[in-house]
Amino acid sequence: MTQKRLMILGIAVTVAVLFATATVWIDHTGTNAVPSLFPPSEGDHRTTFVLNATFPKISDSYLVYKTVTPEVTTDFVEDIGRTFGLTGTAKPYIEATGEICLVDGIKGVREQVSVYRYSGAVVYEIPDKGFPTYIDSQPILPSENDAKEIALDYLMNRNLLPRDAEFTNVEVNQIIGNATVSYNVTLAVRFSRNFNDIPVCGHDGLSVIIGNNSEVLGLVMNWRAVEPYKEISIKTPEEAYKELIAGKNRVQPPLETMLDQATINEISIGYWMEPRINKQEFVLPVYAFTGTAIDSEGREEPFRDFVSAVRSEGLESLGVVY
Amino acid sequence: MKRRTTCMKFALIIAVSSVILISYANAGTGDDNDATSPEVGVEWVTEYSFPHSPLPNSDDSAKAFYNGLGNAGWTRRFDKGNGDTKEAHFEYNGQDSTYIDGVDIAWYQGHGTKSRLELSTYWKWVGFSNEIEWGDHDLEWIALHSCHSTEEPSNFKGSHYGLNGVHLICGFKTAALNCVDGGNFANRLLNGEKVRHAWRHAIDDTHGSGYTVRIIGENSACGNDHIWGEGSVIADPTVDSGYYMWTYSCSD
């Protein structure tokens, strides 16, 4: 072999070695780091994960719930509207999301209530008061304790407080302003629930929106009715963590940020609820992974993601696809 | 002869002064029959390379927005995805007057941060504070469906003004989920919702607590805007170093 050919062969081998080295990927699987030559071929998740939590103990089985969705018609929505003191004719608003809306301007200001056909969720608001275009002074908002009492009175007086609702927190949910001054416009008093002491997570909650002079200006109620269906065994948290790393069996879409690293500080079980615009027949257990993440600019932010706790054969038997 | 020459010079001075004054006071020098022939364009990215995650819903979401308005009579100008998205489409020294700033409403969905849009994993980025000037040609409203896109409003008043006549920039203060929100947003706009209400409602329908939207406007009056043909639209605002913002936290 000529010297020239030897040189070409040497260069080719060097390039091949460099390529293989550049594609080494290490999977973090809890306490064991498993190096592999190529990135994971399954799933889409490329973020590096660091485990800083213990795996929870799990039960032999968990109850699956079936949702009970009301038949949401325009009459139904008009009934709901009367709960808020609204009159008028409800009309289909957005077909794709199943939203039916009733708008009432009889008091001189627009009030509206929407009910979503696929979930029974209710959204009530007074847009111009609840979400003003401009304000030039700080609205007078109640204290946290007063806000909680105002919300409870409002809900109980309208028979809207579910028996299993638990107070969660009060937070500022709207701020408007300019570069030099901004104002807290409204508070949200939030409620959540558990199924057999297991938190319901995802898109499930009740929020009462309170604004200037403690006026209730809105309500958001994603609260699907459920009934027990059957018991089901679930995968181990170790299995779920591997799936999180591999980007498999997530129950919600990925984040639109490029995360370099995520540190998991807590792993828990919850029951997953879909957004109000989605149909959902069964309520299933999920693993919730909570912690912090570093984005592509090196900034730390909260991290939370969910992996189905039900094995694939269980999902198939229920006809569920994530 | 002398008088004629003087008159011509005077007329020329008046004409040049008028052009300068109009250009400074009114953005949107490329406004072209907006009210009667409004235009829409979208750019989206699903494919991000290792080690960062793809966004499988960006195309469906962007196209739902594009076709939602298109089917209602808006002129479809461009639908660019993945390799066809270009930084130049967004940038003032690129082709923005043909793309992002060449339409009345635009949609971007893909990865992002508080300082840039990330059109690919490496080196295909659009910086907010120094690479964009939106609204000085045609753009009235833009939705940036990406994480933290409007978290730092001052980034749109950097060494170059991203808020340069555009009425509203709709985005996220927090992270965002890769949901198919485009069609819902378009439907709400076409139902006569104000732009900022439509954005808030559409995102609230799919995101829960922990996610916050932020809409930035050149001034507070921009917050009353509907899209063309569905309600009032303010005249293109005078551009200055200020901005106004509306921040809403989603509910579960």
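Shown above is the structure to which this text applies.
Residues numbered from 1 in each chain as written. Chains lettered and ligands numbered in written order. Predicted model: local features only at pLDDT ≥ 70, side-chain atom pairs only at ≥ 80, totals over all residues. Heavy atoms only, no water.

**Q** Just to check I follow, could you spell out the sheet that holds strand E4 (residues 62-68) of chain A for this structure?
**A** Picture the strands of a sheet paired through backbone hydrogen bonds; they go either parallel or antiparallel. Residues and elements named next belong to chain A. Judged by pairing direction, the sheet is antiparallel, and its three strands sit side by side in the order E15-E4-E17 without closing on themselves. Sheet topology places strand E15 (225-232) and strand E17 (282-283) at the edges, where each strand pairs with a single neighbour. As defined by bridge partners, E4 adjoins E17 across two bridges and the pair is classed as antiparallel. Bridging from a neighbouring strand, Tyr-65 pairs with Val-283 of E17. (Pairing = 2+ DSSP bridges. Helix = DSSP H or I, 4+ residues; strand = E, 2+ residues; numbered from the N terminus.)

**Q** Explain the nonpolar core to me, please; I cannot follow it from the model alone.
**A** Generally speaking, a soluble globular protein has its nonpolar side chains buried in company with each other. In this structure, A:Phe289, B:Phe65, B:Ile105, B:Trp141, B:Phe185 and B:Trp199 are the most contacted members of the largest nonpolar core, which totals 72 residues. In terms of nonpolar packing, the next biggest core, distinct from the first, is built from 32 residues, A:Val72, A:Leu102, A:Val189 and A:Met221 among them. (Core = buried A, V, L, I, M, F, W, Y, C linked by side-chain atoms within 4.5 Å. Buried < 20%, exposed > 50% of the residue type's maximum accessible area, 1.4 Å probe, protein only.)

**Q** Even after reading the chapter, I still don't get the sheet that holds strand E5 (residues 116-118) of chain B, so can you show me in this structure?
**A** All names here are of chain B. Pairing is antiparallel across the open sheet formed by three strands, whose spatial order is E4-E5-E6. Since the sheet does not close on itself, it has two edges, and those belong to strand E4 (111-112) and strand E6 (125-127), each with one partner. For E5 and E6, the ladder comprises three bridges, and the chain directions are antiparallel. Residue Leu-117 lies in a different strand from E6, and its bridge partner there is Val-126.

**Q** Explain the packing of aromatic side chains to me, please; I cannot follow it from the model alone.
**A** Remark: the centre distance and the inter-plane angle together describe each pair of aromatic rings, the angle taken between the planes. With the rule as written, the count across this model stands at 25 aromatic pairs over all chains. Each ring, one from A:Phe131 and one from B:Tyr248, has its centre 5.4 Å from the other, and the planes form 75 degrees; the classification is edge-to-face. Taken as a pair, A:Phe131 in the loop between helix H3 (127-130) and helix H4 (144-157) and B:Tyr248 in strand E10 (residues 244-249) lie in two separate chains rather than in one. According to the relative accessible area criterion, B:Tyr248 is buried, its value standing at 3%. Pairwise contacts between aromatic rings join B:Phe65, B:Trp107, B:Phe172, B:Phe185 and B:Trp199 into one cluster. Here A:Arg276 stacks its cationic end above the ring of A:Tyr116, 5.4 Å away from the centre of that ring. When the ring centre of B:Tyr248 is taken as reference, the NZ or CZ atom of B:Arg200 above it lies at 5.2 Å. (Phe/Tyr/Trp six-rings, centres within 6.5 Å; stacked < 30°, edge-to-face > 60°. Lys NZ or Arg CZ within 6 Å of the ring centre and 35° of its normal.)

**Q** Even after reading the chapter, I still don't get the pattern of salt bridges, so can you show me in this structure?
**A** Between side chains of opposite charge, a pair can form when the charged atoms approach closely. Enumeration over the complete set of coordinates arrives at 25 salt bridges over all chains. A salt bridge links A:Glu125 to B:Arg200; the shortest N-O distance between them is 3.2 Å. Pair noted here: A:Glu125 is in strand E8 (residues 122-125) and B:Arg200 is in helix H4 (residues 195-204), and the two residues belong to different chains. The exposure classification of A:Glu125 matches that of B:Arg200, with both residues buried. A:Arg190 is paired through a salt bridge with A:Glu171; the nearest N and O atoms lie 2.8 Å apart. Residue A:Arg190 is found in strand E10 (residues 182-192), and its partner A:Glu171 is found in strand E9 (residues 166-178); the two are separated by 19 residues along the sequence. In the salt-bridge network here, residues are joined through shared partners; they are A:Glu99, A:Arg276, B:Arg188, B:Glu193, B:Asp204 and B:Asp205. (Salt bridge = Lys/Arg side-chain N within 4 Å of Asp/Glu carboxyl O.)

Any functional reading would require information beyond the geometric quantities listed.
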